[in-house]
Amino acid sequence: MGTFPAALLVSLALAGAPASAPRPDPAHLAELIARAREQRLAEEVGWLRLGHWRRTLLGGWKSEVDGAQFFLAPRGKRDPAAELEATLAGFFDDQPRADELDDAQCRFPARFAFLAGKLGADLSRLPPRRCPRLEEFLARVHPQGATMVFSSYYLNNPASAFGHTLLRLDKAPEALGGKHFELLDYGVDYAATVDTRNAVLYAAKGLLGFFKGEFKHYAYYYKVRQYGDYESRDLWEYDLDLAPGEVALLTAHVWELGGTYFAYWYLDENCSYHVLGALEAAAPRLRLLDHVGRFVVLPSDTIHALFANPGLVRQVHYRPSIRTQFEARARSLSPPQLDLVERLARDPAAPVPGALASTDQAAVLDASVDLVDLRHARDLLLGKDPVAAGRRQELLERRAALAVPSPPLEVPVPADRRPEVGHGSLRLGVGGGVDRRGGGTVLLDLRLALHDLGDPGEGFPALAQIEFLPARLRWLPREGRLELDDASLVRVLSINPVNRFDIKPSWRMRAGATTVRDGGCAGCTAFAAELGGGFATADLAGALDLLAMGEVELLAAPGLEGAAGAGWRPGLGPSALARLRLGSRVTFLADARWRFLPGARPRASHLLSGVLRLHLARDLSLALEARHAPATRDVSALVLGYF
Amino acid sequence: MTRLSLALAVVAVLAASPALAQSDDTKSAIKGTPGRYGAAGCGLGSMAFGDQPGGVQILAATTNGTFGTQTFGITTGTSNCGPGVFAQGTKNFVEANREALAKDISRGEGEAIGALTVINSCGDSRAVGAALQRNFKSIFPTENASNEDVTSAILETLNGEKSLGCFRS
């Protein structure tokens, strides 16, 4: 079996395995090329996907892969047929190579499996090759299945604010005692190789496709530690129903992609896109990329695309983050026990009532260690907080000395947070309204992504708003005028409810443009940037969230009577936000902002708004809105659709 | 072209993003990538980062995947590696999972203990958990114990209690 590197794969794709000792036979190459032409194999979806060729606007082909080493034919990037024949020729090339990756059989095991299977190649007539590194890789990863992993939204880093997706190659359906220990599996993801520390360059290069994007693989535990422990992001794992041959082909294809690169486009050809592309290449029966957006591909789209192929997802697993784990532990404790958790997290030597059963003591200590981790995860990791590390050590020693095992932590799966039940990421709205001057208005609303506090809550974090390119146009027929009511490049709101264990500020930021609605230059469009921070309480009576903040903003427009007569004006002041949710169908939002405008005219401004959203279906809502500003009073109604 | 103009429009805003800087200190811990596919070898997930603690490697390598510079250079596995794999696999696991492992050992239960059970080819993870919990003080005598010392104390524990049935090949 060892003679052919990819024999392992081929045996899955091909009915007959090599029987006799291999004898290289160049005449067989001509036969295979003839068969490929006859079958028009180069036009088959399986081949096109392995090379990541896509139709160009002019009707030709172009591969998304940008690394030259991925192609054996000089015009391979644009010519699938030439690449196919060059690949076959490569398989017959028996020149000795110093590096096995310069040998086509070792370099392209997925192509080998695909072509040999489709063309009925007689492996005994190919030159034998040994590929120790490929064999070692396959033995190490030892794939028996594949899982798509979705790491939930992380607002503290713009690169992962929309979540992240990766593949996991599973070692076995069960490893030991019927339990599958996924920590020892491999995670495979596609990521940009960042070569700059300059934030401006980072953003520019990421958006404009200047970074190299590469497939990488890691022990899955690296991902669990990073996402779950240090960033407190829940992971959703989707076991895929793939045939053994498809799993093998996926692994082999990932090997092929591991040695090359793509241009990384932050918005569309990103981690989510290429992970789907790799999966699609391994299983041509699937249609995945057809189900993602044209301009922006989000990690949640990846999950929706999986579910667009019925039966593909076998099972969904939920891996709770450290925060979720702590909350689950805290729920099982009594109020006096919770007091004790807090006390121990500050003073690990604090006395524990002797009357407390050792299992209860264990539960309290387990929760306080989780609390220390939750508060200091990053500093503990980087060794920056020796005091917290000392406390943690003391708590762990105390816990171990109890010498009772903790029962496995049962965390209820938050089914309503599953990303696949969420609304579509693109939102379009149309509607009309009336303003104080008696004029009717027509409203057009567009948002490229993703979610605001008033949208249907299923499938999204309850207390986060992350929007990319939301914009509203307002047409005033009576005045024959079209205005940009408000638009943002990004708009983010992160609500962190204050509780006894966690006092973290909430914050909001946005940058964009807005129509000025006070005496500063009523009706003109101004550049606008806002940043605010404050404190929140959430889930009062299971329905009400409240947020109070201090905010600063900057408006700039040529006609603005700004600070000292300049065309820009800073503003600062308090704001308040309330959200009331009645069941999953009705959401009411109230927002009040007051601004002191130093040195400008007028001296102050304000904006009050109320929004009622009725969610008719997952992807359809009605919105009723009213607002009041010094120069505006209007009400409007819109229909919102999610795609 | 739509993509280009859209992208240009967003550059300015994301450029201002403050959170990017935080990854730099961890990123600098990365030493580089050996070879096109990296080093091959035994053991679990040893990353070519030099002397940084495993956790730092995690942040450095996988900040949402956008800061990694590793290619196919990370090794893992429990098969085909010959003698020494238990020790190497355990050490690599300890490096990356130390905080979680300490917690699970103190509790005598958890996924990290399950993983150690698999790596060292032991019988029953509950028995392994109880044995490690009993020896917590010798495995983690202080919060500053080196990964090497933690690893050898774990291996000693597993080796000392024959009933655990570890290290079967």
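Residues numbered from 1 in each chain as written. Chains lettered and ligands numbered in written order. Predicted model: local features only at pLDDT ≥ 70, side-chain atom pairs only at ≥ 80, totals over all residues. Heavy atoms only, no water.

**Q** Quick rundown of the overall build of chain B? Include the residues and the values.
**A** For chain B, the count of helices and strands is eight helices and zero strands. In chain B, the succession of α and β elements from N to C terminus is α-α-α-α-α-α-α-α. Across chain B, every contact between residues at least 6 apart in sequence was considered, and the portion connecting residues at least 24 apart equals 68%. For chain B, the accessible area works out to roughly 6,300 Å², and carbon and sulfur atoms hold 54% of it. (Helix = DSSP H or I, 4+ residues; strand = E, 2+ residues; numbered from the N terminus. Contact = heavy atoms within 4.5 Å. Areas by Shrake-Rupley, 256 points an atom, 1.4 Å probe, with all protein chains shown as cover.)

**Q** Mind laying out the sheet that holds strand E5 (residues 186–193) of chain A, listing which residues take part and the relevant values?
**A** Residue and element names in this part refer to chain A. Sheet architecture is open: seven strands sit in the order E8-E6-E5-E4-E3-E7-E9, paired in antiparallel fashion. Because the sheet does not close on itself, it has two edges, and the strands there are strand E8 (262–264) and strand E9 (313–319). Direction aside, the axes of adjacent strands within the sheet are offset by 35 degrees on average. The sheet contact formed by strand E4 (residues 164–170) and E5 spans three bridges and is antiparallel. (Pairing = 2+ DSSP bridges. Axes fitted to C-alpha atoms, helices over the stretch in contact; angles between N-to-C directions.)

**Q** So what's going on with the nonpolar core? Which residues, and what values?
**A** If you look at the biggest cluster of nonpolar residues, it comprises 104 residues, and the most contacted ones within it are Leu 88, Met 148, Leu 242, Leu 250, Leu 279, Leu 306 and Phe 468 of chain A. Considering each element in turn, this core owes the most residues, eight residues, to helix H11 (residues 271–282) of chain A. The contact partners of Leu 250 of chain A, leaving out residues within four places of it in the chain, are Ala 146, Leu 167, Leu 169, Leu 242, Ala 278, Leu 279 and Ala 282 of chain A. Core analysis: the next-biggest nonpolar cluster, separate from the first, contains 65 residues, Ala 330 and Leu 395 of chain A together with Ile 154 and Leu 158 of chain B among them. (Core = buried A, V, L, I, M, F, W, Y, C linked by side-chain atoms within 4.5 Å. Buried < 20%, exposed > 50% of the residue type's maximum accessible area, 1.4 Å probe, protein only.)

**Q** Can you explain the pairing of strand E7 (residues 235–240) of chain A? Please cite residues and give values.
**A** All names here are of chain A. For E7, the buried fraction is high: six of the six residues fall into the buried class. Alternating residues of E7 divide into Leu 235, Glu 237 and Asp 239 and Trp 236, Tyr 238 and Leu 240, and every residue in both groups is buried. Bridge count between strand E3 (residues 145–151) and E7: five bridges; the pairing is antiparallel. Bridging from a neighbouring strand, Met 148 pairs with Tyr 238 of E7. Of the pairings in the sheet, the one linking E7 to E9 comprises six bridges and is antiparallel in character. Within E9, the position partnered with Leu 235 by the bridge is Arg 319.

**Q** Just give me the short version of the confidence of the model for chain B, but keep the residues and values in it.
**A** Residues and elements named next belong to chain B. Averaged over all residues, the pLDDT of chain B equals 63, while 50% of them reach at least 70. Contacts from residues 4–83, a stretch scored under 50 in pLDDT, to residues over four places away or in other chains number 230 contacts. Prediction confidence for the complex, expressed as pTM and ipTM, is 0.84 and 0.84 respectively. (pLDDT = per-residue confidence, 0-100.)

**Q** Hey, could you go over unusual backbone geometry for me, with residue numbers and the actual values?
**A** Keep in mind that most residues, glycine aside, have a negative phi and that most peptide bonds are trans. Residues and elements named next belong to chain A. In this structure, Leu 450 follows Ala 449 across a cis peptide bond, with omega equal to 0 degrees. Among the structural elements, Leu 450 can be located in strand E11 (residues 440–451). Note that the residue after Arg 601, namely Pro 602, is joined by a cis bond; omega there is -5 degrees. Structurally, Pro 602 is set in the loop between strand E18 (586–596) and strand E19 (604–617). For Arg 40, which is not glycine, the phi torsion reads 50 degrees and is therefore positive. When its relative accessible area of 52% is taken as the criterion, Arg 40 is described as exposed. Backbone geometry at Asp 539 places phi at a positive 65 degrees, although glycine is not the residue there. With respect to the element layout, Asp 539 can be found in strand E15 (residues 525–540). Residue classification places Asp 539 among the partly exposed positions, given a relative accessible area of 47%.

**Q** Give me the environment of Glu 397 of chain A: which residues, what numbers.
**A** Mapped onto the elements of the fold, Glu 397 of chain A is located in helix H16 (residues 386–401). Linking Glu 397 of chain A and Pro 348 of chain A, residues 49 residues apart in sequence, is a C-alpha distance of 9.9 Å. When residues no more than four places from it in sequence are discounted, the contact partners of Glu 397 of chain A are Phe 136, Lys 137, Phe 140 and Pro 141 of chain B.

**Q** Got a sec to walk through helix H6 (residues 109–119) of chain A? Specific residues and values, please.
**A** Burial within H6 of chain A is extensive, with nine of its 11 residues counted as buried. In the segment just after H6 of chain A, Gly 120 of chain A is the residue with positive phi, at about 60 degrees.

**Q** With reference to specific residues and values, describe the pairing of E5 of chain A.
**A** All names here are of chain A. Burial within E5 is extensive, with eight of its eight residues counted as buried. Bridging between E5 and strand E6 (residues 211–219) involves eight bridges; their strand directions are antiparallel. Bridged to Tyr 190 within E6 is Phe 215.

**Q** Go over the pattern of salt bridges with me, naming the residues and quoting the values.
**A** Close approach of charged atoms lets side chains of opposite charge pair. Residue and element names in this part refer to chain A. As enumerated under the stated definition, the model contains 76 salt bridges over all chains in all. Put simply, Asp 455 and Arg 427 hold a salt bridge, and the shortest N to O gap is 3.0 Å. Of this pair, Asp 455 sits in the loop between E11 and strand E12 (464–476) while Arg 427 sits in strand E10 (residues 427–435), and the two are 28 residues apart along the sequence. Given a relative accessible area of 3%, Asp 455 falls into the buried group. Residues Arg 613 and Asp 455 are paired through a salt bridge, measuring 3.1 Å at the closest nitrogen-oxygen approach. (Salt bridge = Lys/Arg side-chain N within 4 Å of Asp/Glu carboxyl O.)

**Q** Give a detailed account of the sheet that holds E19 of chain A, specifying residues and quantitative values.
**A** Residue and element names in this part refer to chain A. An order of E10-E11-E12-E13-E14-E15-E16-E17-E18-E19-E20-E21 is seen for the 12 strands of this closed barrel, with the pairing classed as antiparallel. Across the sheet, the axes of successive neighbouring strands diverge by a mean angle of 20 degrees, strand direction being ignored. Bridge count between E15 and strand E16 (residues 544–556): 12 bridges; the pairing is antiparallel. Residue pairing for E16: Leu 531 is matched across the bridge by Val 552.

**Q** Summarise the state of the cysteines; cite the residues concerned and give the values.
**A** All names here are of chain A. With the rule as written, the count across this model stands at three disulfides over all chains. Two residues share a disulfide in this structure: Cys 106 and Cys 131, whose sulfurs sit 1.9 Å from each other. Handedness of the Cys 106-Cys 131 disulfide follows from its S-S torsion of about -75 degrees: it is left-handed. Of this pair, Cys 106 sits in helix H5 (residues 104–107) while Cys 131 sits in the loop between H6 and helix H7 (132–141); the two residues are 25 residues apart in sequence, bridging distant segments of the chain. Judged by its relative accessible area of 1%, Cys 106 falls in the buried class. The exposure class of Cys 131 is buried, given its relative accessible area of 0%. Between Cys 521 and Cys 524 runs a disulfide, and the two sulfur atoms are separated by 1.8 Å. Using a relative accessible area of 12% as the deciding quantity, one classes Cys 521 as buried. (Disulfide = S-S within 2.5 Å.)

**Q** Got a sec to walk through helix H4 (residues 80–92) of chain A? Specific residues and values, please.
**A** Note: α-helices contain 3.6 residues per turn, so residues at a spacing of three or four share the same orientation. All names here are of chain A. The end-to-end C-alpha distance of H4, which contains 13 residues, comes to 19 Å, matching closely the 18 Å that a straight helix rising 1.5 Å per residue would cover. Turning to H4, its buried residues number three or more, namely Pro 80, Glu 83, Leu 84, Thr 87, Leu 88, Gly 90, Phe 91 and Phe 92. Looking at the buried side of H4, the elements it contacts are helix H2 (26–39), helix H3 (45–50), strand E1 (53–55), strand E2 (61–63), H5 and H6. (Expected span 1.5 Å × (residues − 1).)

**Q** Please provide a residue-by-residue account of the side chain of Asp 486 of chain A, values included.
**A** Residues and elements named next belong to chain A. Here Asp 486 is to be found in strand E13 (residues 481–494). At 3.0 Å, the side chain of Asp 486 forms a polar contact with the side chain of Arg 510. Look past the residues within four positions of Asp 486 in its chain and what remains in contact with it is Pro 470, Ala 471, Arg 472, Arg 491, Arg 510, Ala 513 and Thr 514. (Polar contact = N/O pair within 3.5 Å; in protein donor to acceptor, adjacent residues only side chain to side chain.)

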